[in-house]
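Notes for the structure review
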Amino acid sequence: MLGLIARAQSSDAPDIGREVFADAHSPPPYRMLNPSEDQRFKLGHSVFETRWVAAGTPGTTDLLGLGPMFNAVSCNECHKEGQRGQAPLNDGPVPVALSIQLESRSSQLTEQSAGDPIYGHVFNTLATNGVQPEGAVIVQYREIVGYYYPFGGRWGMRQPHYQLIGMKRGTLAAKTIIKPRVAPALFGVGLLAAVPEAAISNARWPQMDDRIPGAIAWHSRQGSRMLGRLGWQGDKVSIRDQIASAFAYEMGLTTLDSPMDDCTVVESDCTALAQGGKPEVSEQLLDAVVGFVDSLAVPKSPVQVAADSPGSELFINIGCAACHRPQLPVDLPGSNGARVLGVIAPFTDLRLHDLGKEMADENASGEKVISLWRTAPLWGLGYRLEVEDHPTFLHDGRARSIEEAILWHFGEAARANRRFMNLGPRERDALLQWLTTL
């Protein structure tokens, strides 16, 4: 396994999907596109950046159909040019890129779940004229400071607490799960979607004494069993599924895949204005956005590290690579309809893991609920640290550094956490520096 890590970072390592992002406003595709694919990619990028407006808005050339309730007016508002969204930096109102998902869980943890009876699947903080928003979201942090590593150095963390305010329609159901989620980066998701199912569900790799088995996110759709590999909790089975859901729940835009807005029967002002009939996002535009996101490359890291850095060896020795697998196979489209088999280096196993009650969501009654997290890909870390003024990490941005993100790993990752805590200052710095090269 150590050799696998080393190969992933050597000059002959798999580099499929990685490109230099010369212009952050023009993210490149991970492969050469033919003329029709390139046209689709450019149209999708244009739609991705376009600000939508409410139907009936006079004197506009923008796309119509926004709302009646929504959180953002464009895809780009949360996923700026495919980047991860901005999480809260301090106490107060949360930024637009952090949304509150609401879940009424079924008996099957990985099955499709319902939303809250009053507020639906996503808590919408904005609305068109004549419709009342569902409320607002604020966050308060409790600092956990004053602690020291056993062999030198000090560490700190912050614990978020979210409040939904201005809820004039009533309260959430007691068992509704409140799920704060930062818009994830979209770079390389087409490559993750191209990982064969067998490589995830039947993966075999060298045994380690602290290997974490992980679960698989299966979803039942139209009588078939589908593997979920996208989203913070593997709750999306495809890029199209992910985009159609975001259009419907975050922007109030219907598609053939998601023909209903996120209005509930209780929200009569919303349902009265919800548009029926023809989808607000045409099949052509939805397909174009899917094509854009599906083709996005992964940024090469601008950070370099010495070839003899011990960071890669430490990554495997403390157990990080048990879940953040350095390599996965992919089955990609090639020219003339041929398929291309290759290897990518995303540093994920695309499986679900319980990271403990410390990272678990809560329901409206304040009770912790079992929360399984898809192993987050680590590729693109170096680029993030280069272009973001205040990078944050984890599903809700609670971690203000890579170091804090590691410290939040409990549950199945507790042993790796303890081994990280027991590193000396030089080893710890070497590992953190190496991670910036991914």
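Our structure's up above, just so we're on the same page.
Read on for a plain summary of the structure. In this text, all values refer to a predicted model and were calculated from it rather than measured experimentally. (Residues numbered from 1 in each chain as written. Predicted model: local features only at pLDDT ≥ 70, side-chain atom pairs only at ≥ 80, totals over all residues. Heavy atoms only, no water.)

1. What about the packing of aromatic side chains?
Taken as a whole, this structure holds 12 aromatic pairs when the rule is applied. On the numbers, 5.1 Å between centres and 80° between planes, the contact of F21 with F187 is edge-to-face. Of this pair, F21 sits in the loop between β1 (18-19) and α2 (35-49) while F187 is found in the loop between β10 (177-182) and α3 (189-193), placing the two residues 166 residues apart along the sequence. One aromatic cluster is present, formed by F21, F187 and Y383 through successive ring pairs. Over the face of the ring belonging to Y141 we find R158, whose NZ or CZ atom lies 3.8 Å from the ring centre. We note R428 situated over the ring of Y149; from NZ or CZ to the ring centre the distance is 3.6 Å. (Phe/Tyr/Trp six-rings, centres within 6.5 Å; stacked < 30°, edge-to-face > 60°. Helix = DSSP H or I, 4+ residues; strand = E, 2+ residues; numbered from the N terminus. Lys NZ or Arg CZ within 6 Å of the ring centre and 35° of its normal.)

2. Considerations on empty space enclosed by the protein
Applying the stated criterion across every chain yields a total of two cavities of 30 Å³ or more. In this structure, the largest cavity spans a volume of roughly 990 Å³. Around the largest cavity, the lining is made up of 46 residues, and of these H324, T375, A376, P377 and L378 lie nearest the centre. Broken down by class, the residue content of the lining of the largest cavity amounts to 33 nonpolar, 10 polar and three charged. (1 Å grid on protein atoms, 1.4 Å probe; cavity = no way out; pocket = protein on both sides within 12 Å on 5 of 7 lines; lining within 4 Å. Points joined across faces, edges and corners; volume = space filled by probe spheres on them. Nonpolar A, V, L, I, M, F, W, Y, C, P; charged D, E, K, R; others polar.)

3. Comments concerning the pattern of salt bridges
Pairing of side chains with opposite charge becomes possible as their charged atoms draw close. One pass over the full model with this rule turns up 16 salt bridges. Residue E103 is joined to K179 by a salt bridge in which the shortest nitrogen-to-oxygen separation is 2.8 Å. Residue E103 is found in strand β6 (residues 98-103), and its partner K179 is found in strand β10; the two are separated by 76 residues along the sequence. The two residues E103 and K179 agree in class, both being buried. Note that R240 and E283 form a salt bridge whose closest N and O atoms lie 2.8 Å from each other. Here the residue R240 occupies a position in helix α5 (residues 239-251), and E283 occupies one in helix α7 (residues 283-295), the gap between them amounting to 43 residues. Classification of R240 by relative accessible area gives partly exposed; the value is 24%. (Salt bridge = Lys/Arg side-chain N within 4 Å of Asp/Glu carboxyl O. Buried < 20%, exposed > 50% of the residue type's maximum accessible area, 1.4 Å probe, protein only.)

4. Overview of the sheet that holds strand β9 (residues 154-165)
What the three strands build is an open sheet, ordered β5-β8-β9; its pairing is antiparallel. Both edges of this open sheet fall to β5 (92-93) and β9, since each of them pairs with a single strand only. One ladder, built from two bridges, connects β5 with strand β8 (residues 136-148); its direction is antiparallel. When the sheet's bridge partners are listed, G92 is paired in β8 with V139. (Pairing = 2+ DSSP bridges.)

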